Amino acid sequence: MSQPSSPPPPAPLAQLRILAGTLIGALVVLAVVMAPALGLEGYPPVWVPAALGALAVAVHLLVQAVGYRVPAIAPATPESDAAAAGRAAYQTSMVLRFALCESVAMVALVAAFVVEPRTAMTYVVGGTLSLLLMAWHVWPSERLVRRVEHELDRDGGRSRLWDALTGNLDAGAVRS
């Protein structure tokens, strides 16, 4: 009798997507909690969505400036070390980008309780802006992984981050 084999663990990219989905989903859950707590009646003064929009633009620019900074992989780094360093750098930068993008929703959360009329619509505006920022800067898409990979490889090292995150590190060895 053979023992049932357990399924292989998901590729690191799938794990990062689960993490990102959980973090992003928390903003939606917060909106669901805010709706009955404050109600959706009324709309915040015009300056509130304008200020949240300006904050979202500032956060976007800040993420562009610092959210993708990762240490470069040295050219002589062994492949396994480069892949591990690349994965760690990607995850660290992803969490930083998440925290920055989430700040818009957190400011909106506070504003929902402080600005008259007190309404969950204030959070909905800020939460929506945060979700858009996260879709662009946090969700581990191929575009984002390749962007970080480019930063890791800027000094001539080869992180092969995309291959490492998708579990295709051996298959990608033929790739030039």
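Since this is a predicted model, take the numbers as computed values, not measurements.

A. Structural detail: the packing of helix 1 (residues 12-38) against helix 4 (residues 120-137). The N-to-C vectors of helix 1 and helix 4 enclose an angle of 170 degrees; their axes lie 9 Å apart at closest approach. One finds that helix 1 runs roughly antiparallel with respect to helix 4. Residue-level inspection shows I24, L27, V28, L30, A31, M34, A35 and L38 of helix 1 in contact with helix 4, the latter providing A120, Y123, S130, L131 and M134. Residue classes in the contact of helix 1 with helix 4 are distributed as twelve nonpolar, one polar and no charged.

B. Structural view of the side chain of T122. Mapped onto the elements, T122 comes out in helix 4. Setting aside chain neighbours within four positions, we find T122 in contact with P44, V48, L52, A108, A111 and A112.

C. Expanded view of the environment of A72. As for its placement among the helices and strands, A72 is situated in the loop between helix 2 (47-66) and helix 3 (79-114). The class of A72 is partly exposed, set by a relative accessible area of 25%. Sequence-wise, A72 and P10 are 62 residues apart; in three dimensions their C-alpha atoms are separated by 27 Å. With sequence-adjacent residues up to four places away left out, A72 is seen in contact with E151, L152, R154 and D155.

D. Just the packing of helix 1 against helix 3, in detail. Remark: helix 1 packs on helix 3, axes separated minimally by 11 Å, with the N-to-C direction vectors making an angle of 5 degrees. Taken together, helix 1 and helix 3 sit at an angle that is classed as roughly parallel. Judged by residue contacts, P12, L16, L19, A20, L23, I24, L27, L30, M34 and L38 of helix 1 engage R87, Y90, Q91, M94, F98, E102, A105, M106, L109, A112 and F113 from helix 3. A class-by-class count of the residues in the contact of helix 1 with helix 3 yields 18 nonpolar, one polar and two charged.

E. Spatial organisation of unusual backbone geometry. A cis geometry characterises the amide bond from E116 onward to P117, with omega recorded as -5 degrees. Mapping P117 onto the fold places it in the loop between helix 3 and helix 4. Its identity as a non-glycine residue notwithstanding, R160 has a phi of 50 degrees, on the positive side.

F. Focus on helix 1. Along its 27 residues, helix 1 runs 39 Å from first to last C-alpha, staying within 8% of the 39 Å computed at 1.5 Å per residue. Considering only its buried residues, helix 1 is in contact with helix 3, helix 4, helix 5 (142-152) and helix 6 (161-166).

G. Expanded view of a nonpolar patch on the surface. A surface patch of nonpolar side chains, amounting to about 280 Å² of accessible area, comprises V110, F113 and V114. Topologically, V114 is positioned in helix 3. Using a relative accessible area of 57% as the deciding quantity, one classes V114 as exposed.

H. Representation of the pattern of salt bridges. One pass over the structure, following the stated rule, counts six salt bridges. Across the pair R146 and E149 runs a salt bridge whose closest N-O atoms are separated by 3.1 Å. Linking R146 with E149, this pair stays in helix 5, spanning three residues, or about one helical turn. Here E151 ties to R154 by a salt bridge, and the two come within 3.5 Å at their closest N and O atoms. Relative accessible area serves as the criterion here: at 26%, E151 is assigned to the partly exposed category. Taking relative accessible area as the criterion, R154 reaches 44% and is therefore assigned partly exposed.

I. Just helix 5, in detail. If you check which residues of helix 5 are buried, you get L144, V145, V148, E149 and L152. Taken around the axis of helix 5, the buried residues stretch over an arc of 135 degrees, which confines them to a single face. Looking at the buried side of helix 5, the elements it contacts are helix 1, helix 3, helix 4 and helix 6.

Quick notes on the rules
Residues numbered from 1 in each chain as written. Predicted model: local features only at pLDDT ≥ 70, side-chain atom pairs only at ≥ 80, totals over all residues. Heavy atoms only, no water. Axes fitted to C-alpha atoms, helices over the stretch in contact; angles between N-to-C directions. Helix = DSSP H or I, 4+ residues; strand = E, 2+ residues; numbered from the N terminus. Parallel < 35°, antiparallel > 145°, perpendicular 65-115°, else oblique. Contact = heavy atoms within 4.5 Å. Nonpolar A, V, L, I, M, F, W, Y, C, P; charged D, E, K, R; others polar. Buried < 20%, exposed > 50% of the residue type's maximum accessible area, 1.4 Å probe, protein only. Expected span 1.5 Å × (residues − 1). Patch = residues over 30% accessible without salt bridge, like charges linked within 9 Å, V, L, I, M, F, W, Y side chains within 5 Å. Areas by Shrake-Rupley, 256 points an atom, 1.4 Å probe, with all protein chains shown as cover. Salt bridge = Lys/Arg side-chain N within 4 Å of Asp/Glu carboxyl O. Arc of directions from axis to C-beta.

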